[in-house]
Amino acid sequence: MFYLVEEFFSIQGEGKYAGTPSYFLRTGGCNLSCEGFGASYDVNGLVKCGCDTYFAVDRAFSHSWQKIEDAQIFISHLKMQFDAIGYLPHVVITGGEPLLYASEKVFYAVFSWLIDSGIHVTFETNGVIEIDFDKFPAYKKAIFALSVKLSNSGELMSKRININAIKKIIDNSQESFFKFTLSKDIIEDSAYDEISKLMINHPNQAIYCMPVGECKSTLEINDKAVFYFCMKHGFNYSDRLHIRIFDTTQGV
Ligand code: SF4
């Protein structure tokens, strides 16, 4: 079983494959809450804070999540979606934290079908959950966008960084890269130190940095600082195309 928050065909807006037509599956639930990213939202009159995908993180929204319990039914549904598109697009499995379901039978069956069909699948993950690559070998063929959270997420380091989980993914998967979400403030403060510490064990890992921004106006506050930070340190700048173009619209 896994919870699906939304699915849609769009263009990947972030990271190494930005610009690639992709079919998105957004799962529900996350092991972090990242209040430091400062996206505020309302739950029954109570103002809360989280990341830009709070609707896929906060279980207050779970009434709108779809429970996927039958892999074959969902695979048939995906086949129809891909037929309508007219080709097999890249698939991005994002969240919330999609790897919460890594050991779930239905989730693994759907993922394995995607891989067996020759589809490129990217997981957008916070890199905290350890995958058993021996028990679930199809994951070796996935691409992992390791969106490891830094101190600006507001999460404790012990909760947001799992060195073993990151190492397992980098060592076992066919492709992975780091993707960091940076604000102007953390760039002026500790971003380079925090990233450098992570890179000690993975010096050749590609790094993509993108600006914090749950909406266009916040993005514009942070984008130039990230741009110059990437130039200074030899990292790749990643914009957030979907926010730049569609602002806060969901499902694009
Ligand atoms: S890990 Fe990602 S999805 Fe989960 S709360 Fe943090 S930013 Fe949001």
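Residues numbered from 1 in each chain as written. Predicted model: local features only at pLDDT ≥ 70, side-chain atom pairs only at ≥ 80, totals over all residues. Heavy atoms only, no water.

**Quick notes on the packing of helix α1 (residues 71-85) against helix α2 (residues 105-116)**
Here comes step 1: Interaxial distance between α1 and α2 falls to 9 Å at its minimum, and their mutual angle equals 35°. α2 is crossed by α1, and the crossing has right-handed handedness. Mapping the contact onto sequence places Ala71, Phe74, Ile75, Leu78, Lys79 and Phe82 in α1 and Val106, Ala109, Val110, Trp113 and Leu114 in α2.
Here comes step 2: For the contact of α1 with α2, the residue count by class is ten nonpolar, no polar and one charged. (Axes fitted to C-alpha atoms, helices over the stretch in contact; angles between N-to-C directions. Helix = DSSP H or I, 4+ residues; strand = E, 2+ residues; numbered from the N terminus. Left-handed = near helix turned anticlockwise from the far one by under 90°. Contact = heavy atoms within 4.5 Å. Nonpolar A, V, L, I, M, F, W, Y, C, P; charged D, E, K, R; others polar.)

**Quick notes on a nonpolar patch on the surface**
Here comes step 1: A cluster of nonpolar side chains, namely Ile11, Leu241, Ile245 and Phe246, defines an oily patch on the protein surface of about 350 Å² accessible area.
Here comes step 2: For the nonpolar patch, the leading source of residues is helix α8 (residues 241-246), giving three residues.
Here comes step 3: By relative accessible area, which is 59% here, Ile245 ends up exposed. (Patch = residues over 30% accessible without salt bridge, like charges linked within 9 Å, V, L, I, M, F, W, Y side chains within 5 Å. Areas by Shrake-Rupley, 256 points an atom, 1.4 Å probe, with all protein chains shown as cover. Salt bridge = Lys/Arg side-chain N within 4 Å of Asp/Glu carboxyl O. Buried < 20%, exposed > 50% of the residue type's maximum accessible area, 1.4 Å probe, protein only.)

**A look at helix α4 (residues 163-172)**
Here comes step 1: By the burial criterion, the buried members of α4 are Ala165, Ile166, Ile169 and Ile170. Projected down its long axis, α4 shows its buried positions confined to an angular sector of 125°, all on one face.
Here comes step 2: In this fold, the buried residues of α4 make contact with β8 (143-146), β9 (175-182) and α6 (191-199).
Here comes step 3: One side-chain oxygen of the residue at the start of α4 lies 3.1 Å from the amide nitrogen of Asn164, identifying that residue as Asn162. (Arc of directions from axis to C-beta. Polar contact = N/O pair within 3.5 Å; in protein donor to acceptor, adjacent residues only side chain to side chain.)

**Here we look at the nonpolar core**
Here comes step 1: Membership of the largest hydrophobic core comes to 57 residues, with the highest contact counts inside it found for Phe111, Leu114, Tyr139 and Leu182.
Here comes step 2: When residues of this core are assigned to their parent elements, the largest contribution, eight residues, is made by α2.
Here comes step 3: Ignoring sequence-local partners within four residues, the contact set of Tyr139 consists of Tyr101, Ala102, Phe107, Tyr108, Phe111, Phe123, Ile131, Phe133, Phe144 and Ser173.
Here comes step 4: In terms of nonpolar packing, the next biggest core, distinct from the first, is built from seven residues, Val5, Tyr41, Val43 and Trp65 among them. (Core = buried A, V, L, I, M, F, W, Y, C linked by side-chain atoms within 4.5 Å.)

**Digging into a negative patch on the surface**
Here comes step 1: On the surface, Asp185, Glu188, Asp189 and Asp193 cluster together into a patch of negative charge.
Here comes step 2: Tracing the chain through its elements places Asp193 in helix α6. (Lys, Arg positive; Asp, Glu negative; His and termini not counted. Charge placed at Lys NZ, Arg CZ, Asp CG, Glu CD.)

**Regarding the packing of aromatic side chains**
Here comes step 1: Summed over all chains, the structure comprises 28 aromatic pairs.
Here comes step 2: Residues Phe133 and Phe144 carry aromatic rings whose centres are separated by 6.2 Å and whose planes lie at 70° to one another, so their mutual orientation is edge-to-face. Highlighted residues: Phe133 in the loop between β7 (121-125) and β8 and Phe144 in strand β8, separated in sequence by eleven residues.
Here comes step 3: Judged by relative accessible area, which is 3%, Phe133 ranks as buried.
Here comes step 4: Overall, Phe144 belongs to the buried group, its relative accessible area being 0%.
Here comes step 5: By way of ring pairs, the aromatic residues Phe2, Phe74, Tyr101, Phe107, Tyr108, Phe111, Phe123, Phe133, Phe136, Tyr139 and Phe144 are connected into one cluster. (Phe/Tyr/Trp six-rings, centres within 6.5 Å; stacked < 30°, edge-to-face > 60°.)

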